[in-house]
Amino acid sequence: MYRYGIVENLRNLRFRFILCMQEFFDGIPQDQWRVKDPAFIKQSEDFAIAKFREWVIEQVT
């Protein structure tokens, strides 16, 4: 990210990723969370990664 002039504290990036993960869980009623289901966790991680990637691209462009 430094290559593109984005100078962010690593703690801020971690926090940004957590917000992306929270967005996934906010979109699903809590009684439908399946936190012990590996496929559900993978889905949440994929969602957060995609959202984080979108945020990075927005910062670069």
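It should be noted that the structure appears before, not after, this text.
As the structure is a prediction and not an experimental result, all values here were calculated from the model.

Draft legend 1. Examining the overall build of the protein more closely. Within the protein one finds 2 helices and 0 strands. Taking 10 Å as the expected radius of gyration for a compact globule of 61 residues, we find that the protein reaches 14 Å, considerably beyond that expectation. If you line up the protein on its principal axes, its C-alpha atoms span 40 × 20 × 20 Å. Of all 61 residues assigned to the protein, the portion counted as buried reaches 20%.

Draft legend 2. The packing of helix 1 (residues 10-26) against helix 2 (residues 38-60), seen in detail. Following both chains from N to C, one finds helix 1 and helix 2 inclined at 125°, their axes separated by 8 Å at the closest point. In this view, helix 1 runs oblique relative to helix 2, as classed from their interaxial angle. The element helix 1 and its partner helix 2 pack so that their crossing is right-handed. Residues L13, R16, F17, C20, M21, E23, F24 and F25 of helix 1 form the contact with helix 2, whose own contacting residues are F40, Q43, S44, E45, F47, A48, I49, K51, F52 and W55. Among the residues making up the contact of helix 1 with helix 2, the classes are represented as 12 nonpolar, 2 polar and 4 charged.

Draft legend 3. Geometry of helix 2. For helix 2, spanning 23 residues, the distance from its first C-alpha to its last is 33 Å, which sits close to the expected 33 Å at 1.5 Å a residue. All of the buried residues in helix 2 are F40, S44, A48, F52, W55 and V56. Contacts made by the buried residues of helix 2 are with helix 1. With a side-chain oxygen lying 3.1 Å from the backbone nitrogen of A39, the N-terminal cap of helix 2 falls on D37.

Draft legend 4. Molecular detail of the environment of A48. Its place among the elements puts A48 in helix 2. On the basis of relative accessible area, A48 is assigned to the buried category, the value being 0%. C-alpha separation for the pair A48 and Y2, spaced 46 residues apart in sequence, amounts to 22 Å. Among all residues touching A48, those that are not within four sequence positions of it are F17, C20 and M21.

Calculation notes
- Residues numbered from 1 in each chain as written.
- Predicted model: local features only at pLDDT ≥ 70, side-chain atom pairs only at ≥ 80, totals over all residues.
- Heavy atoms only, no water.
- Helix = DSSP H or I, 4+ residues; strand = E, 2+ residues; numbered from the N terminus.
- Rg over C-alpha atoms; globule rule 2.2 N^0.38 Å.
- Buried < 20%, exposed > 50% of the residue type's maximum accessible area, 1.4 Å probe, protein only.
- Axes fitted to C-alpha atoms, helices over the stretch in contact; angles between N-to-C directions.
- Parallel < 35°, antiparallel > 145°, perpendicular 65-115°, else oblique.
- Left-handed = near helix turned anticlockwise from the far one by under 90°.
- Contact = heavy atoms within 4.5 Å.
- Nonpolar A, V, L, I, M, F, W, Y, C, P; charged D, E, K, R; others polar.
- Expected span 1.5 Å × (residues − 1).
- Polar contact = N/O pair within 3.5 Å; in protein donor to acceptor, adjacent residues only side chain to side chain.

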